[in-house]
Amino acid sequence: MLFTPISGVITMSTDKINQISPLSLFEKWDKTFPKSKKVNHRKVAFQNRYGIILVGDLYIPKNQNECKLAAIAISGPFGAVKEQASGLYAQTLAEQGFITLAFDPSYTGESGGYPRNVASPDINTEDFSAAVDFLGLQKEVDRNRIGLLGICGWGGMALNNAAMDTRVKAVATSVMYDMSRAMGHGVGDGKDRYSTADRHSVLQYLNEQRWEDAKTGIPTLGGHDIYVDEKGKVSASKRILPETLPGNPPPVLKEFYNYYRMPRGFHPRSINSVGAWNATMPLSFMNMPLLSYANEITIPTLIVTGEKAHSRYFAEDAYKMVGGKKKELVIVSEANHVDLYDNTTGKIPFTKFEQFFKTNLKL
């Protein structure tokens, strides 16, 4: 597979409609956070079990001293790219002595996969295993000391992977969502939102949309948080976030808008910043629960969430489901969901993540 550099950007041929190749490999630093002088950074590409080429940023401490190091694969939030929160977590933990890999999941960011703007409970769980594959082949990495860290919707994917991939030795999440529960039952105020009838209405709405997509051959874009009114009428937004914030917005919408749509967190390759998922994307999440085998997770597990995070109940319930005894739930005082995306408010407990991985990956 041949990469051709053009004006600082590595691109690949797009002559195949069903492309699995990366869309690009931008060498220029285009993150939402400043570059650290304490770590070396390089762009990498690797393949998952479905043949899709994933693109990531590998961060290596400058004081490595030729010894093999513990490594952490990091992804999320849901609809974000590695230039946002996952990259910040990766670079910060690399400063503490870990080799870290922040990657774009299949069908998003710079990673391959067609059609674009798709998520899958199976393929995205596999993406974490592909990251483990890659890390375990690096000469700087001790393959017996690899952990995972999932942010927001990729927290559920990380836990799902930890229940399956025996090579993973520790797993952590930050303000996690269980996306199968979120899409299958609706995100509510501390509990599920859909009734059984609502769920049926959403499935009917999504399957009707399939007729339209089949007719045009082009996936329709739409928001994945689908609403059902008291009469059973279903509606969804055309974008994940509006172009402009409406007056008196709901607090959660304002949180996300002030990160993804503002300079603080905006990135042109982030679905949340500029667009929407394929409208029918929720179907597989509604029918394939991510945490079905969470009781079989026996490795050390750290689940971090915010005291005021609307997603807090996902973390608390996942913590109860995890079967291992070496598990910990950390509630960050006064923090909302988006506070743990970046350190604008100084609330990400990086020291806690560092201590957890140092203890359980025996750094």
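Throughout what follows, the structure given in this document is the object of discussion. (Residues numbered from 1 in each chain as written. Predicted model: local features only at pLDDT ≥ 70, side-chain atom pairs only at ≥ 80, totals over all residues. Heavy atoms only, no water.)

Focus: the packing of helix α1 (residues 85-95) against helix α10 (residues 350-360)
- In contact at an axis separation of 11 Å, α1 and α10 are set at 60° when each is read in the N-to-C sense. Looking at the two axes, α1 sits oblique to α10. α1 and α10 meet at a crossing whose hand is right-handed. Together, Leu-88, Tyr-89, Thr-92 and Leu-93 of α1 and Phe-350, Phe-353 and Glu-354 of α10 make up the contact between the two elements.
- Grouping the amino acids of the contact of α1 with α10 by side-chain chemistry returns 5 nonpolar, 1 polar and 1 charged. (Axes fitted to C-alpha atoms, helices over the stretch in contact; angles between N-to-C directions. Helix = DSSP H or I, 4+ residues; strand = E, 2+ residues; numbered from the N terminus. Parallel < 35°, antiparallel > 145°, perpendicular 65-115°, else oblique. Left-handed = near helix turned anticlockwise from the far one by under 90°. Contact = heavy atoms within 4.5 Å. Nonpolar A, V, L, I, M, F, W, Y, C, P; charged D, E, K, R; others polar.)

Side note on the sheet that holds strand β8 (residues 141-151)
- Pairing in this open sheet of 8 strands is mixed, and the strands run β4-β5-β7-β6-β8-β9-β14-β15 from one edge to the other. Each edge of the sheet is formed by a strand with only one pairing partner; in this case those strands are β4 (39-47) and β15 (327-332). Across the sheet, the mean angle from the axis of one strand to that of its neighbour is 20°, orientation sign disregarded.
- Inspection of the sheet shows β4 paired to strand β5 (residues 53-61) by 9 bridges, in the antiparallel sense. Of the residues in β5, the one forming a bridge with Lys-43 is Asp-57.
- Its contacts with the sheet put α1 on β4, β5, β6 (69-75), β7 (99-103), β8 and β9 (170-174), and the angle it makes with β7 is roughly 175°.
- Its contacts with the sheet put helix α3 (residues 153-162) on β6, β8, β9 and β14 (301-306), and the angle it makes with β8 is roughly 140°. (Pairing = 2+ DSSP bridges.)

Structural notes on the pairing of β15
- By the bridge criterion, 6 bridges tie β14 to β15 in an arrangement that is parallel. The partner of Val-304 across the bridge, within β15, is Val-330.
- You can see the chain leave β14, run along helix α9 (residues 312-321) and come back into β15, and the turn it takes is right-handed. (Right-handed = clockwise from strand over helix to strand, strands pointing away.)

Remarks on the pattern of salt bridges
- Considering all chains together, one arrives at 28 salt bridges under this definition.
- Here Lys-43 and Glu-110 are joined by a salt bridge, their closest N and O atoms 3.0 Å apart. Of this pair, Lys-43 sits in strand β4 while Glu-110 sits in the loop between β7 and α2 (121-136), and the two are 67 residues apart along the sequence.
- A salt bridge links Glu-354 to Lys-358; the nearest nitrogen and oxygen atoms lie 2.7 Å apart. Residue Glu-354 and its partner Lys-358 are both found in helix α10; the two are separated by 4 residues, about one turn of the helix.
- Accessibility expressed as a relative area gives 15% for Glu-354, which makes it buried.
- Among the residues examined, Lys-358 registers a relative accessible area of 29% and is labelled partly exposed. (Salt bridge = Lys/Arg side-chain N within 4 Å of Asp/Glu carboxyl O. Buried < 20%, exposed > 50% of the residue type's maximum accessible area, 1.4 Å probe, protein only.)

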